[in-house]
Every structure is written in structure tokens, then in C-alpha cells.
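# Survey of secondary and tertiary structure
Below are the chains, spelled out letter by letter.
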Amino acid sequence: LLGLIWLVTYYFILENSIIEVFFAGFYGAVFLVLLEKYLEWSAMWNMSIVISVWEGIYGGEAFALSAYFNKGSEGRGLLLMLVFFVWALGLRLPCLYFGCYEGGREIVAQISLFCLGNVLKWVVCMVYFYDCKKRTLEKKFGEEVERDVELAA
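Residues numbered from 1 in each chain as written. Predicted model: local features only at pLDDT ≥ 70, side-chain atom pairs only at ≥ 80, totals over all residues. Heavy atoms only, no water.

### A few points about the nonpolar core
Across soluble globular proteins, nonpolar side chains show a tendency to be buried alongside one another. To keep things clear, this is the line we draw: To define a nonpolar core, start from buried Ala, Val, Leu, Ile, Met, Phe, Trp, Tyr and Cys residues and group those joined through side-chain atoms within 4.5 Å. The buried label goes to any residue with under 20% of its type's maximum accessible area, the exposed label to any with over 50%, and the partly exposed label to all in between, with areas taken from a 1.4 Å probe on protein chains only. The helix count covers DSSP runs of H or I at least four residues long, the strand count covers runs of E at least two residues long, and both are numbered beginning at the N terminus. In what follows, a contact means two residues having at least one pair of non-hydrogen atoms within 4.5 Å.
Judged by nonpolar contacts, the single largest core of 16 residues is most densely connected at Met47, Ile51, Phe69 and Phe129. For this core, the elements supplying multiple residues, two or more each, are α2 (18-55), α3 (59-70), α4 (74-98) and α5 (105-152). Considering each element in turn, this core owes the most residues, seven residues, to α2. Each residue touching Met47, except ones within four places of it in the same chain, is listed here: Ser66, Phe69, Asn70, Tyr128, Phe129 and Cys132.

### Section: a nonpolar patch on the surface
Cut-off, in case you're wondering: Residues with no salt bridge and a relative accessible area higher than 30% make up the patches, which join like charges within 9 Å and nonpolar side chains (Val, Leu, Ile, Met, Phe, Trp, Tyr) within 5 Å. A 1.4 Å probe and the Shrake-Rupley method give the accessible areas. Residues count as covered only by the protein chains that appear here. The salt bridge criterion pairs a side-chain nitrogen of Lys or Arg with a carboxyl oxygen of Asp or Glu, the two atoms within 4 Å.
The grouping of Phe22, Phe23, Phe26, Tyr27, Val30 and Leu34 at the surface amounts to a nonpolar patch, some 570 Å² of accessible area in total. Topologically, Phe22 is positioned in helix α2. A relative accessible area of 53% places Phe22 in the exposed class.

### What to know about the pattern of salt bridges
Per the counting criterion, the structure on display carries four salt bridges. The shortest N-O distance in the salt bridge between Lys37 and Glu40 comes to 3.2 Å. With Lys37 and Glu40 both in helix α2, this residue pair falls three residues apart, about one helical turn. Classification of Glu40 by relative accessible area gives buried; the value is 17%. In this structure, Glu55 and Lys133 form a salt bridge, with 3.1 Å as the shortest nitrogen-oxygen distance. Of the two residues, Glu55 sits in helix α2 while Lys133 sits in helix α5, which places them 78 residues apart along the sequence. Connected through shared salt-bridge partners, Arg76, Asp131 and Arg135 make up one network.

Next comes the structure, spelled out in C-alpha cells:
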């Protein structure tokens, strides 16, 4: 979030010299790469929390199982976390810009939308976990069937 704010601030201060355009492009690319990694790790982290709640596996084991189930589905997890990142950012930045934190009704509306977003995020993470688990088990079962067929032939 701080990188995004810095990039937008730098864009407004930019004086269109070649060096400043290069640095803005370079730092923008670095920001996008780091944002992608953050969102991928956020998907794995949230799935590991779902695993902790539903499967009773905790700590590093839950995170390792999350990484195992997430393998091959990183793009979908990244897209899901991007949606919720934009949701949270879309709620925070306008209130910072317009000063919503001075009144009472605006902050209640914003907190209500945050709570709705969190509930939706956890439901989506739970569905994402079961989908990834199903895909992994289907893939594993398919490999075992292929191995048995090769052994029988």
C-alpha cells in the first residue's frame, strides 16, 4: 500500500525528464512484481487458515499443505486476492481523500462494508480450498490409475 501511494505521489510530482520516467517505470514494475507475490502468498496464507479451522492442522504443516494444494492454481488464487485487495483499497483511499473519518455515519458504513468483504473473503477462501483439494486428489487418483494400468499391461 505504501508503494502504491509512493508511486502515485511520484507520478504527480514527475517533471517528464527521461531519467524520472525511467525510475517511475522501474519502480512501477517492481511494485507490480511485489504486489503479485504478496497476493499469491496471501492466497496461500488464507488457505492455510482455512485448513487450520476445517482440518485441524496447524502452523507450518497447514502452510505446507496449503502450498501443496495451491500448486497449479496460483493464478486463480492471485485473481481472488486481487479482487479483495481492490475492494479494501477502494474503501480506504476515498475516505482518506475526502476525510470520511471525521463523521459518524461514514465510518459506520465503511466498517460495515469491510465486515461484509471479510465474510465474503473467508467464504471464497473456503470454496477455493475445497476446489484446490478436489483438483489435487483427482490428479493424484488419475496418476495412480495410470500407474496401475501400466503395471497391468
